[in-house]
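Analysis of the macromolecular model
For reference, the chains in residue letters:
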Amino acid sequence: MTAIDPQSLSEADKAAAKEASRARMFTRINKMDAWFKVLGLAWITPILKAIAGDNPRAQGKEIWQLLGVPLLAILLFLMLWGTLAPKVQTSLGAIPGPAAVWEQVENLHADHLREKEKEAAFFERQDARNAKLIAAGKEDKVKYRSYTGKPTYYMQIWTSIKTVFFGFLIATIVAVPVGIAAGLSKTANAAVNPIVQIFKPVSPLAWLPIVTMIVSATVATNDGLFSKSFLISAITVTLCSLWPTLINTALGVASIDKDLVAVSKVLKMNTYTKITKLVLPSALPLIFTGLRLSLGVGWMVLIAAEMLAQNPGLGKFVWDEFQNGSSQSLAKIMVAVFTIGIIGFLLDRVMYALQSLFTFSNNR
């Protein structure tokens, strides 16, 4: 009988444990990869795999494709921009290069900090004045006023984000139910389709005067929950952004497997159960595709509406700087252009993350 060497058994156990630990690590990395892709950070996965020892050469090639190439493209773009921009002269001077644009980013941030300091000082003076009046027994003369300083760049950004989400929410509330009805019923589809085909191509610039007149006629003051300018911009976003969601929802519902529809009839599902248990889960990918398109359309429409109607937001900021005509205006406009693009990208990532979350929950 051959004796088993305890030392060799121990080494085998260690190797097996190490391999099991490595397998668990790669399982966790693969699970995280789905969320990295949602966040636009897919390049993190090959880095983690390379650190874990999974074919560093292959992972290095993947890192180059996912991270190296985009960074190189951005670097080349910045070099071309910095080289060619000074050669183009406008009425406001030469096109600003990357350094000049970044300088205005810092200036806008500094302006925001100064304005916040002014706001804090205003409320400190108001509180001190009211405290003196209360101490003197003159409570009836105590007054609280809102700060009326100029909106900063960050405040303009926040105003635009709030407006686009409000308009997008209204569009979703209208488009999804109508799309479901159009997908389930040929009669409803026949009724909705002409309206979609007529109004879908209409420019926001055509809607804006109509919306402005209606809101001005129905909203008497700006003292309500929403100001006139906010409602005008939000409703214009709604009218232009609901069509992609409506069309994709109707298409998704109409594309449901006929066998599933037959099963729902056999089980005698009521309308609510049929929609929540069968229609929505099956049509969810196309619905979210429509929502992502709608939010992107809404964001583009909002900037145009703010510029034309001079409503608060990034669009008004761009127009004011264009009208200002100072030597720094063009660089500030370019800051706004990059801001609009980055926010548009982030909004799409948010919708993609929600789509992935709902799809994952639906598939569990």
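Before reading further, recall that the structure is shown in the block above.
Throughout what follows, the structure given in this document is the object of discussion. (Residues numbered from 1 in each chain as written. Predicted model: local features only at pLDDT ≥ 70, side-chain atom pairs only at ≥ 80, totals over all residues. Heavy atoms only, no water.)

**Topic: the packing of helix H7 (residues 204-218) against helix H10 (residues 271-309)**
Note the following rule: To obtain an axis, a line is fitted to C-alpha atoms, over the contacting stretch when the element is a helix, and the angle between two such axes runs from 0 to 180 degrees between their N-to-C directions. A run of H or I in DSSP becomes a helix once it reaches four residues, and a run of E becomes a strand once it reaches two; helices and strands are each numbered from the N terminus. Angle categories are assigned with fixed cut-offs, so that under 35 degrees is roughly parallel, over 145 is roughly antiparallel, 65 to 115 is roughly perpendicular, and the rest are oblique. Handedness of a helix crossing follows the sense of rotation of the near helix relative to the far helix, less than a right angle counterclockwise being left-handed and clockwise being right-handed. A contact between two residues is defined here by any heavy atoms of the two lying within 4.5 Å. All amino acids are sorted into three groups, where Ala, Val, Leu, Ile, Met, Phe, Trp, Tyr, Cys and Pro are nonpolar, Asp, Glu, Lys and Arg are charged, and the leftover types, Gly among them, are polar.
H10 packs onto H7 with a crossing angle of 55° between their chain directions and a minimal axis gap of 10 Å. With respect to H10, the axis of H7 lies oblique. As for how H7 packs across H10, the hand of that crossing is right-handed. Taking contact as the criterion, the partners of Pro204, Leu205 and Leu208 in H7 are, on H10, Val301, Ala304, Ala305, Leu308 and Ala309. When grouped by side-chain class, the residues that make up the contact of H7 with H10 number eight nonpolar, no polar and no charged.

**Quick word on the packing of aromatic side chains**
The cut-off we apply is this: For Phe, Tyr and Trp, rings pair up if their centres lie within 6.5 Å, where Trp contributes its six-membered ring, and each pair is then called stacked (planes under 30 degrees apart), edge-to-face (over 60) or tilted (otherwise). Relative accessible area decides the class of each residue, using a 1.4 Å probe on protein chains only: under 20% of the type maximum gives buried, over 50% gives exposed, and in between gives partly exposed.
On inspection of all chains with the given rule, the structure shows eight aromatic pairs. With a centroid separation of 5.3 Å and an interplanar angle of 75°, the aromatic rings of Phe122 and Phe123 are classed as edge-to-face. According to the relative accessible area criterion, Phe123 is partly exposed, its value standing at 30%. Between Phe122 and Tyr147 the ring centres are 5.5 Å apart and the planes differ by 55°, which places this aromatic pair in the tilted class. Here the residue Phe122 occupies a position in helix H4 (residues 98-135), and Tyr147 occupies one in the loop between H4 and helix H5 (153-184), the gap between them amounting to 25 residues. Exposure remark for Tyr147: the relative accessible area of 24% places this residue in the partly exposed category. Taken together, the ring pairs in this structure connect Phe77, Trp81 and Phe338 into an aromatic cluster.

**Concerning a nonpolar patch on the surface**
Definition in use: Residues enter patches when their relative accessible area tops 30% and they take part in no salt bridge; the joining distance is 9 Å for like charges and 5 Å for the nonpolar side chains Val, Leu, Ile, Met, Phe, Trp and Tyr. Reported accessibility uses the Shrake-Rupley method at a 1.4 Å probe radius. Residues are deemed covered only where the shown protein chains occlude them. Here a salt bridge means any side-chain nitrogen of Lys or Arg lying within 4 Å of a carboxyl oxygen belonging to Asp or Glu.
Residues Leu71, Ile74, Phe77, Leu78, Phe338, Ile342, Phe345 and Leu346 make up a contiguous nonpolar surface patch of roughly 750 Å² in combined accessible area. Only helix H3 (56-84) and helix H12 (329-363) provide two or more residues apiece to the nonpolar patch. Along the chain, Ile342 falls in helix H12.

**A short note on H4**
Note the following rule: A helix is expected to span 1.5 Å for every residue after the first.
With 38 residues, H4 should reach 56 Å at 1.5 Å per residue; the first-to-last C-alpha distance of 56 Å fits that figure. Among the residues of H4, those classed as buried are Val101, Gln104, Leu108, His112, Glu115, Gln126, Asn130 and Leu133. Within two residues after H4, Gly137 carries a phi angle of roughly 75°, on the positive side.

**Considering the pattern of salt bridges**
Within the structure shown, the criterion is met by five salt bridges. Here Asp320 and Lys316 are joined by a salt bridge, their closest N and O atoms 2.8 Å apart. One end of the pair, Asp320, and the other, Lys316, are both in helix H11 (residues 314-324), four residues apart, so they sit about a helical turn from each other. With relative accessibility at 28%, the residue Asp320 sits in the partly exposed group. According to the relative accessible area criterion, Lys316 is partly exposed, its value standing at 23%. In this structure, the salt-bridge partner of Asp348 is Arg349, at a minimum N-O distance of 3.7 Å. It is possible to trace a salt-bridge network through shared partners that takes in Arg292, Asp348 and Arg349.

**Some points on the nonpolar core**
The condition that has to hold: Buried Ala, Val, Leu, Ile, Met, Phe, Trp, Tyr and Cys residues that are joined via side-chain atoms within 4.5 Å together make up what is termed a nonpolar core.
By size, the foremost hydrophobic cluster in this structure holds 38 residues, and its most contacted members are Tyr153, Val164, Trp299, Leu314 and Ile343. For this core, the secondary structure elements donating two or more residues are H4, H5, helix H8 (228-254), H10, H11 and H12. Considering each element in turn, this core owes the most residues, 11 residues, to H10. Setting aside residues no more than four positions away along its own chain, Val164 makes contact with Val237, Leu295, Gly298, Trp299, Leu302 and Leu347.

**Thoughts on the side chain of Thr45**
When you line up the elements, Thr45 lands in helix H2 (residues 44-51). According to the relative accessible area criterion, Thr45 is buried, its value standing at 4%. The residues contacting Thr45, other than those within four sequence positions of it, are Ile29, Asp33 and Phe36.

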